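Structural features, examined
This is what each chain is made of:
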Amino acid sequence: MLKIRKVMRNRLAKFGLMVLGLFSIAAMDLSESNFNEYPVYEGKDLGLTYTVKSSAFKVWSPPVTQLLLRFYETGMGGKASKTIKMKKGPQGTWGAVVKGNLQGRYYTFQAQIDGKWMDEVPDPYAYAVGTNGKRAQVVDLKLTNPVGWDFDNRPALKNPTDIILYELHLRDLSTHPSSGITNKGKYLGLTEEKTRNPEGQFTGLEHLKELGITHVHLLPVFDYMSVDESRLDEPQFNWGYDPQNYNVPEGSYSSNPEDGATRIREFKQMVRALHNSGIRVVMDVVYNHTGVTDKSNFNQLVPGYYYRQNDKGGFSDASACGNETASERPMVRKFIIESVLHWVKEYHVDGFRFDLMGIHDIETMNQISKAVHAIDPSIFLYGEGWTAGASPLPDDQKAIKANVLKLDKIAAFSDDLRDAIRGHVFTHKEKGFVSGKAGLKESVKFGVVASTWHPEVDYSKVNYSKAAWANGPDQTISYASCHDNHTLWDRLAINNPMLLDEERIKMYRLAVTMVLTAQGVPFLHAGTEMVVTKKGEENSYNKPDEINQLDWTRKYQYKEMFDYVKGLIALRKAHPAFRMTSAAMIREHLKFIPSTEENLTGFILSNHANGDPWHTIAVIYNGSDQVHPVILPRAEWKVVGNGELIDVKNPPVIRNSGVLVPGNSALILYTTNAPGQSNAAEK
Ligand code: CA
């Protein structure tokens, strides 16, 4: 599905930069064929190589005729304290070695191309910058390690399907007064322990532990443009899908954006605190476009090269944000791979969510996978298997959902399941399976088998995909909502305006149950467990904290929902049957329960699926508002999920094979013996 970020559209309309961009590219004749003639630099030392005795700077920039390196004492303002002419090196590189300990110095590059001086820019490879990312900074990374960093380990993870993702914007966790968190909107806010809301319930880090999720997926925390780091005392908010410096943490989340080392250290403290709490960290990465186009640091050093061109020679725009990067070009691919590795090695990041992954080429994604998995095979990669506009990259090379079968250990979001559950994402009043819309049963079943091939799914009736697109359940992200679009609760209010809240809550619980009982990798939008609302806003990318933040008083207001979601997560984690590891295992152990009802479907996980201690598990989803009977195999069934509560300790027992499934709810039942035997054994 398309994802359009109004921030960039507004910018284009306002400044007409795209038109200027077209002219500058055309004037320089920077065509694809020219780019192919650029030498490829194989070395691993682009950017800064720092020691206390000297600093080496290296830039790849084949069209340059002169390159200046300037040093500053501050991240913003003031005059250069020193300017050095860099020397031409091999394979399109330019370099300079400066003696002495340069720790703390800020620096920029300025290129002369075709007789014209370009803008001063920070090094695209910079790993530290000053305020607003305008100048790079020399930082001794060893000095940024927090206490215990050498002993920091990734929490244990056996299989990707054991993962439960929690998608969070860093600010949203702590800005509400009820969070009880001191470092509001900061990396350090996610390190505070035992914080509580006014009702005494846990918030922040402690809440995440209590909920039981395994991975926090952070919306952009690399350096982006849209928040002015020089005036953090004023209200500002942005999702951050406007990348500026890919290898640097965002400054507005640090306690001091001017000092490059501070944000690095505090980011690491955050990772350390999460790892200590048994939670892994995923970064949302946006390599598919840059926040500005013509004026980006890439483009001021190697004009045009980092971006795909359209047939008129201008910037193509599959991101709907003014440009798209050209991952298939060797030095772009190299940049992305080395950037991802930097976050893995320097920050111990455990996974990456690729924004608009369909803009990237399959080969680049697979090379990223190979590189990170050589370091740690448990690092989890996934992305949006679509683009936001047309791209010149041929479809068969795009890392889109239809090509996930060709991706190696990389998953994609199942918009098939999302929209089956809640209704089409852009058709706001359309209902979904949970609110009684007909015709979505096969799409739900497709989600239950995690987009793999299963003989009992009729693919011709699936909403978007007419064939399996995942090799295994580890390639599908199951979800009902994310930061984009309406929250699940807001959406249910829009498409069921006449219903009472208590009716919508039933639908909500059913939706969350579907996400957490389907095969695949479940994904929860932050606050799902407390019925999060954005007060009806859809695209809240730049809306104030008041719209986006997590209101921790809702944890008390919706305590039953919190207990329900927590119970479901615990159930999923205790029962490997919900976390099968291959498509073949799913085909062997998962059978659908036949039903002629439009909004009723269910499945049986049989014979200790994936080593489960329970012999057989039955899950039934009833999306209609009517009670429906379902016939199960004859057994002593224990009802651990009755649609309202998850109760593993004292579940009610049903000894006949017929069960009644209440409207807009899910039943979860199990039997410890093979069906057909338990009753006999008891007598
Ligand atoms: Ca920034």
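Structural data are supplied above this passage.
Residues numbered from 1 in each chain as written. Predicted model: local features only at pLDDT ≥ 70, side-chain atom pairs only at ≥ 80, totals over all residues. Heavy atoms only, no water.

A closer look at the overall build of the protein
Put simply, the test is: The way it works is that DSSP assigns letters per residue, a run of H or I at least four long becomes a helix, a run of E at least two long becomes a strand, and they are numbered from the N terminus. Here the radius of gyration uses the C-alpha set of atoms, whereas the globule reference equals 2.2 Å times the residue count to the power 0.38. Any two residues whose heavy atoms approach within 4.5 Å at even a single point are treated as in contact. Surface accessibility follows the Shrake-Rupley procedure with a 1.4 Å probe radius. Residue values consider only the protein chains on display as shielding. Counted as positive: Lys and Arg. Counted as negative: Asp and Glu, with His and the chain ends omitted from the count. Here the site of a charge means NZ on Lys, CZ on Arg, CG on Asp, or CD on Glu.
Along the protein, the regular secondary structure elements total 18 helices and 27 strands. For the protein, the C-alpha radius of gyration of 26 Å lies close to 26 Å, the compact-globule estimate for 683 residues. For the protein, the spread of C-alpha atoms along the three principal axes comes to 90 × 50 × 45 Å. Sequence separation of at least 24 residues holds for 72% of the intrachain contacts in the protein that already meet a minimum separation of 6. For the protein, the accessible surface area stands at approximately 24700 Å², while carbon and sulfur atoms represent 53% of it. Distance between charge centroids for the protein: 2 Å, based on 78 positive and 78 negative side chains.

So, the packing of aromatic side chains
Our working rule: Classification of ring pairs uses Phe, Tyr and Trp, with its six-membered ring standing for Trp, and accepts pairs whose centres are within 6.5 Å; under 30 degrees between planes counts as stacked, over 60 as edge-to-face, and the remaining range as tilted. Buried, partly exposed and exposed residues are distinguished by accessible area as a fraction of the type maximum, computed with a 1.4 Å probe on protein chains only: under 20%, between the cut-offs, and over 50%, respectively.
Taken as a whole, this structure holds 37 aromatic pairs when the rule is applied. Each ring, one from Tyr-187 and one from Tyr-253, has its centre 5.7 Å from the other, and the planes form 85°; the classification is edge-to-face. With a gap of 66 residues between them, Tyr-187 in the loop between α4 (170-174) and α5 (204-211) and Tyr-253 in the loop between β13 (243-249) and α6 (260-276) connect regions that are remote in the sequence. Exposure remark for Tyr-253: the relative accessible area of 1% places this residue in the buried category. Pairing Phe-592 with Phe-603 gives two aromatic rings, centres 6.5 Å apart and planes at 75°, and the pair type is edge-to-face.

Considerations on the pairing of strand β14 (residues 280-285)
Operational definition: Here, any two strands with at least 2 DSSP bridges between them count as paired.
Among the six residues of β14, six are classified as buried, and the element is accordingly described as predominantly covered. The side-chain alternation of β14 yields two buried faces, one formed by Arg-280, Val-282 and Asp-284 and the other by Val-281, Met-283 and Val-285. Sheet topology places strand β11 (residues 215-218) next to β14; four bridges connect them, and they run parallel. When the bridges of β14 are listed, Val-216 appears paired with Val-281. Pairing geometry for β14 and strand β15 (residues 351-354), over four bridges, is parallel. What sits directly across from Val-282, in β15, is Gly-351.

Some thoughts on the coordination of the calcium ion
Under the convention used in this document: With water excluded from the atoms, a metal site may look incomplete; its donors are any N, O or S atoms within 2.8 Å, or within 3.2 Å for Na, K and Ca.
On the protein side, the calcium ion has Asp-223 (OD), Tyr-224 (O), Glu-229 (OE) and Glu-250 (OE) as donor atoms, found 2.2 to 2.4 Å from it. On the basis of relative accessibility, which here comes to 1%, the residue Tyr-224 falls in the buried class. By relative accessible area, Glu-229 is classed as buried at 5%.

Points about the environment of Asp-408
Checked against the element boundaries, Asp-408 lands in the loop between β16 (380-383) and β17 (411-413). Judged by relative accessible area, Asp-408 falls into the partly exposed class, the value being 36%. Between the alpha carbons of Asp-408 and Glu-363 there is a distance of 9.7 Å; along the sequence they are 45 residues apart. Excluding anything up to four places from it in sequence, Asp-408 contacts Asn-366 and Ser-369.

Overview of the environment of Lys-506
Mapped onto the elements of the fold, Lys-506 is located in helix α13 (residues 501-517). C-alpha of Lys-506 to C-alpha of Ile-654: the two residues are 148 residues apart in sequence and 23 Å apart in space. Dropping the residues within four chain positions of it, Lys-506 is found in contact with Gly-663 and Asn-664.

Focus: the pattern of salt bridges
Where charged atoms of side chains with opposite charge meet at close range, the side chains can pair. Stated formally: Any carboxyl oxygen of Asp or Glu within 4 Å of a side-chain nitrogen of Lys or Arg constitutes a salt bridge here.
If you walk through the whole model with that rule in mind, you get 37 salt bridges. With a shortest N-O distance of 3.0 Å, Asp-376 and Arg-154 are connected by a salt bridge. Residue Asp-376 is located in the loop between α9 (362-375) and β16, and its partner Arg-154 is located in the loop between β9 (136-137) and β10 (165-168); the two are separated by 222 residues in the primary sequence. Between Arg-333 and Asp-361 there is a salt bridge, with its nearest N and O atoms 2.7 Å apart. You can see Arg-333 sitting in helix α8 (residues 330-347) and its partner Asp-361 sitting in the loop between β15 and α9, a full 28 residues away along the chain.

Some words on helix α11 (residues 441-448)
Among the eight residues of α11, eight are classified as buried, and the element is accordingly described as predominantly covered. Among the residues of α11, Lys-441, Glu-442, Ser-443, Val-444, Lys-445, Phe-446, Gly-447 and Val-448 are the ones counted as buried. At its buried positions, α11 is contacted by α10 (415-422), α13, β20 (590-592), β21 (600-605) and β22 (616-622).

Considering the sheet that holds strand β25 (residues 653-654)
We count it as follows: Angular values range over 0 to 180 degrees, each being the angle between N-to-C directions of two axes fitted as lines to C-alpha atoms, with helices fitted over their stretch in contact.
Within the open sheet, the six strands sit side by side as β20-β21-β22-β27-β24-β25. Their pairing is antiparallel. If you trace the sheet from one side to the other, it starts and ends with β20 and β25, each paired once. Where β21 lies against β22, six bridges are found, and the strand directions are antiparallel. In the sheet register, Gly-602 faces β22, and the bridge partner there is Ile-620. Strands β20, β21 and β22 of the sheet are contacted by α11, whose axis makes an angle of about 25° with β21.

Comments concerning the packing of α13 against helix α16 (residues 559-574)
To keep it simple, the criterion reads: An angle counts as roughly parallel when it lies under 35 degrees, as roughly antiparallel when it exceeds 145, as roughly perpendicular when it falls between 65 and 115, and as oblique in every other case. The sense of a crossing depends on the near helix, which, turned anticlockwise from the far helix by less than a right angle, makes the crossing left-handed and, turned clockwise, makes it right-handed.
Relative orientation of the contacting elements α13 and α16 amounts to 20°, with a least axis distance of 10 Å. Regarding the angle of α13 to α16, the classification is roughly parallel. Between α13 and α16 lies a crossing whose hand is right-handed. Of α16, the residues touching α13 (which contributes Ile-505, Tyr-508, Arg-509, Val-512, Thr-513, Val-515, Leu-516 and Thr-517) are Met-561, Tyr-564, Val-565, Leu-568, Ile-569 and Arg-572.

Points about the sheet that holds β14
If you trace the eight strands once around the closed barrel, you get β10-β11-β14-β15-β16-β17-β18-β19, paired in parallel fashion. The mean angle between the axes of side-by-side strands here comes to 30°, regardless of whether they run parallel or antiparallel. As paired elements, β15 and β16 share four bridges and run parallel to each other. The partner of Gly-351 across the bridge, within β16, is Phe-380. Where α6 meets the sheet, it contacts β11 and β14, and its direction lies at approximately 135° from that of β14.

Some details on the nonpolar core
Soluble, globular proteins show a tendency: their nonpolar side chains are buried together. Operational definition: What makes a nonpolar core is a set of buried Ala, Val, Leu, Ile, Met, Phe, Trp, Tyr and Cys residues whose side-chain atoms join them at distances within 4.5 Å.
Of all hydrophobic cores here, the largest spans 168 residues; its most connected members are Phe-57, Leu-69, Ile-213, Phe-267, Phe-352, Phe-354 and Tyr-621. Looking at this core, the element that brings in the most residues is α8, giving 10 residues. Among the nonpolar cores identified, the runner-up in size contains 19 residues, and Ile-163, Val-282, Ala-318 and Leu-356 belong to it.

Some thoughts on empty space enclosed by the protein
The gaps left among the atoms become clear once a water-sized probe is rolled over them. The test is simple: Only protein atoms enter the 1 Å grid used here. Points where a 1.4 Å probe fits but cannot escape make up a cavity, open sets with protein on both sides within 12 Å along at least five of seven lines make up a pocket, and a residue lines them when an atom lies within 4 Å of a point. Grid points are joined across faces, edges and corners, and a volume is the space filled by probe spheres set on the points.
Applying the stated criterion to the full structure yields six cavities of 30 Å³ or more. By volume, the largest cavity is sized at about 140 Å³. Those elements that place two or more of their residues in the lining of the largest cavity are β10 and α14 (545-548).

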